[in-house]
Every structure is written in structure tokens, then in C-alpha cells.
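Close look at the chain arrangement
Given next are the chains, with one letter for each unit.
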Amino acid sequence: MPLTSPQKMFENAYQGGYAIGAFNVNNMEIIQGIIQAAEEEQSPLILQVSAGARRYAGQTYIIKLVEAALQESDLPICLHLDHGQDFEICKEVIEGGFTSVMIDGSHLPFEENIKLTKQVVDCAHEKGVWVEAELGQLAGIEDDVKSEKSIYTDPDEAVEFVERSGCDSLAVAIGTSHGAYKFKGDPNIDLERLETISSRLPNFPLVLHGASSVQPEFVDMANKYGGQIEGAQGVPEDKLRRAAQSGVCKINIDTDIRLAITATIRKQFAENPSEFDPRKYLKPARQAVKDMVQHKITHVLGSSKSI
Ligand code: G3H
Ligand code: 13P
Ligand code: ZN
């Protein structure tokens, strides 16, 4: 099965009130764990690659790993660039065969964000590639796009932005943030704002970044075996479920994968100190990714059996 565009996935998700998981991938074990979970759940999938992941693994390796997954699976799988920071990186991955790109001009002034997004849209659409854009800013730090505080998406601006940029989906800022430390006190997610944006853009797919729920079981496990991940807090899963019913068709998850792997490897190291075969600790880590993704698909995204 060749890589697919998100278009049909999102149409079905929008109608069905569920979301597609967009999981960040960096290596073979992560890709295999995610694919195994989606296979069991018969769920469509987005595998996304950040600029940092692309530097770490190399674009060719990532593409070849995803091709291997496609050879063994009949699932609809989309390969997406996460947080493309400029036109050049978008163009490079489009030429490499990605079926979807994000151009993240969220740090730019409104007019400049529109201009950059439109430039990517013109190039991507020529090749049938999907374009996600972002309006508003999430707090938190990614490798290549930085923001110190969050600026929520304005619904009027969102409508104008979509019309003028021609983007295919829009990432909105409603209080989520990247990483494991999303909230100090109560998790404050502006679902009303999301509903307003969605009602102003009917049938238009929205995207939620910074959507890991930071599962306490993995934080506790990491800390129990020598980690220092204190005060971590993610987005409550019931809020993500509601977002999936309010126009959000794509939910981005990276931190939960990192936590599942790290906690599991820490436990393996602590319990088997004389072991030094990487397969012995990477196998349970891959299994932890699979179990976590399966939980997301069934309990958070709602995308099981939607192929
Ligand atoms: O949104 C950012 C993703 O979590 C990717 O993170 O840039 O460290 O690969 P990264
Ligand atoms: P998390 O850090 O919450 O997993 O968000 C990931 C993300 O938004 C990738 O673009
Ligand atoms: Zn993101």
C-alpha cells in the first residue's frame, strides 16, 4: 500500500467525531511499536517527522523504515513533516515523497505567516501534498520553533487565515503546550474557543499539538528507577476526546512515546544490571510504545476499526 494523503482520513474522522493520531517517529522501534498497535486496532495512522528527527535518523533512513512498514501493512499511513520552519525543508520532504507537510509560521506576524504558508501551499498542491499551518502560539520549546508564552488562536483570524493561505488544516493554540510540563495547576484547555473556531470553519480539519497526556504510570516508573521527572503533567484524556468531537482531526503525540520508552528502559537497566544486549531492553521499550499507542487509539482518539 503506498503512502496516503490525510484527506480521506480527515473526512472520515470529521464525520465520525474521532481523531487520527499523529505520532512522532525517530527510529525503528518507535515505528514498529506504533504500526503494531494500529494494525491490531485497524486504525489509520500519521507518522510524523520533526526537523530534529530528520537530522537524527536521516531522511533516507526514515523513509526506508516507513516503506518497510508499508510493505508489511495494509493500513492507510501518511508521512508528515512536523513543524517545518521554512519553505526549503517543506520542499525537500515533498521531493522525498512525504504526503503531508506542516509549515509552522506561527511565530511570524499574521501577514508574513499567510505569505509563507501560501508559498508552501502552492508548491505542495502541485504535487498533491497536504499542508497543515499554525495560527496562534503554543508555549514550550521545539528544536526549531520556540515560543515562551502561549497566544491563543483568534477565531476571526483563523477564518481569514484559512481563506487567504489556502492551507488544508490548521493547528490551533487553545492552552496545550509541547513537552512533559504542560500545566502547573489545573489543566486549562479552552474548549469553548475550539468550538467557536470549529463552528466558524465547518468541515475544516483542525489539529491539536502538545496533546500528550503524560501518563502518570510512566512518569512514576521513570522516577522510581532513577529518573528526575518531577511535576510532569499532560492534557487530560477526556479533554482530548472532546476536542476530537469538535473538529480536531489530528492529535499530535510525541512526549508520551518518549516517556514510555525511557521509563521502560530505566526499569530494565535497574532490574537487569548485568545485561548489555540492546535488544533485551529495546524489545520491552517497543512493546511499551505499542501498548501506549493502542491505549490512545481505543481510549483517546477513537479511531479503532475506521479503515
Ligand atoms: O513538537 C515537537 C515534537 O515533539 C518534536 O520534537 O523537535 O525534539 O524532535 P523534536
Ligand atoms: P507533545 O509534546 O505533547 O507530545 O506534543 C507533540 C507535538 O505537538 C508534536 O508536534
Ligand atoms: Zn507540535
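Described below are features of the structure shown in this document. (Residues numbered from 1 in each chain as written. Chains lettered and ligands numbered in written order. Predicted model: local features only at pLDDT ≥ 70, side-chain atom pairs only at ≥ 80, totals over all residues. Heavy atoms only, no water.)

This part is about helix H2 (residues 28–41). Between the first and last C-alpha of H2 there are 20 Å, a value that for 14 residues agrees with the 20 Å anticipated at 1.5 Å per step. For H2, every residue scored as buried is listed here: Glu-29, Ile-30, Ile-31, Gly-33, Ile-34, Ile-35, Ala-37, Ala-38 and Glu-41. Backbone nitrogen of Glu-29 and a side-chain oxygen of the N-cap are separated by 3.4 Å at the start of H2; the cap is Asn-27. Gln-42 occupies a position one or two residues after H2 and carries a positive phi of about 50 degrees. (Helix = DSSP H or I, 4+ residues; strand = E, 2+ residues; numbered from the N terminus. Expected span 1.5 Å × (residues − 1). Buried < 20%, exposed > 50% of the residue type's maximum accessible area, 1.4 Å probe, protein only. Polar contact = N/O pair within 3.5 Å; in protein donor to acceptor, adjacent residues only side chain to side chain.)

This paragraph deals with the site of ligand 2. Around ligand 2, a shell composed of 15 residues is seen, among which Asp-82, Lys-182, Ser-212, Asp-254 and Thr-255 lie nearest. One nitrogen or oxygen atom from the main chain of Asp-254 is found 2.7 Å from an oxygen atom belonging to ligand 2. Coverage of ligand 2 by the protein amounts to 97% of the 310 Å² it exposes when considered alone. Elements represented by at least two residues in the shell around ligand 2 include exactly strand E3 (77–84) and strand E10 (248–253). Tallied by class, residues from the shell around ligand 2 come to two nonpolar, ten polar and three charged. (Near = heavy atom within 4 Å. Areas by Shrake-Rupley, 256 points an atom, 1.4 Å probe, with all protein chains shown as cover. Nonpolar A, V, L, I, M, F, W, Y, C, P; charged D, E, K, R; others polar.)

On to the sheet that holds strand E2 (residues 45–50). Spatially, the eight strands close up into a barrel ordered E1-E2-E3-E4-E5-E8-E9-E10, and their pairing is parallel. Going from strand to strand, the sheet's axes swing by 25 degrees on average, the running direction of each strand aside. Of the pairings in the sheet, the one linking strand E1 (residues 20–24) to E2 comprises three bridges and is parallel in character. In the sheet register, Phe-23 faces E2, and the bridge partner there is Leu-47. (Pairing = 2+ DSSP bridges. Axes fitted to C-alpha atoms, helices over the stretch in contact; angles between N-to-C directions.)

Here we come to the packing of aromatic side chains. Throughout the structure, instances matching the rule amount to three aromatic pairs. Ring geometry for Phe-110 against Phe-161: centres 6.3 Å apart, planes inclined by 55 degrees, an arrangement best described as tilted. With a gap of 51 residues between them, Phe-110 in helix H6 (residues 110–126) and Phe-161 in helix H7 (residues 155–165) connect regions that are remote in the sequence. Assigned by exposure class, Phe-110 and Phe-161 land together as buried. Their ring planes at 75 degrees and their centres at 4.7 Å tell us that Phe-269 and Tyr-281 sit as a pair that is edge-to-face. Linking Phe-269 in helix H11 (residues 255–271) with Tyr-281 in helix H12 (residues 278–301), this pair joins segments that are twelve residues apart in sequence. The class of Phe-269 is partly exposed, set by a relative accessible area of 44%. Judged by relative accessible area, which is 18%, Tyr-281 ranks as buried. (Phe/Tyr/Trp six-rings, centres within 6.5 Å; stacked < 30°, edge-to-face > 60°.)

In short, the description is geometric, and any link to function would need to be established separately.
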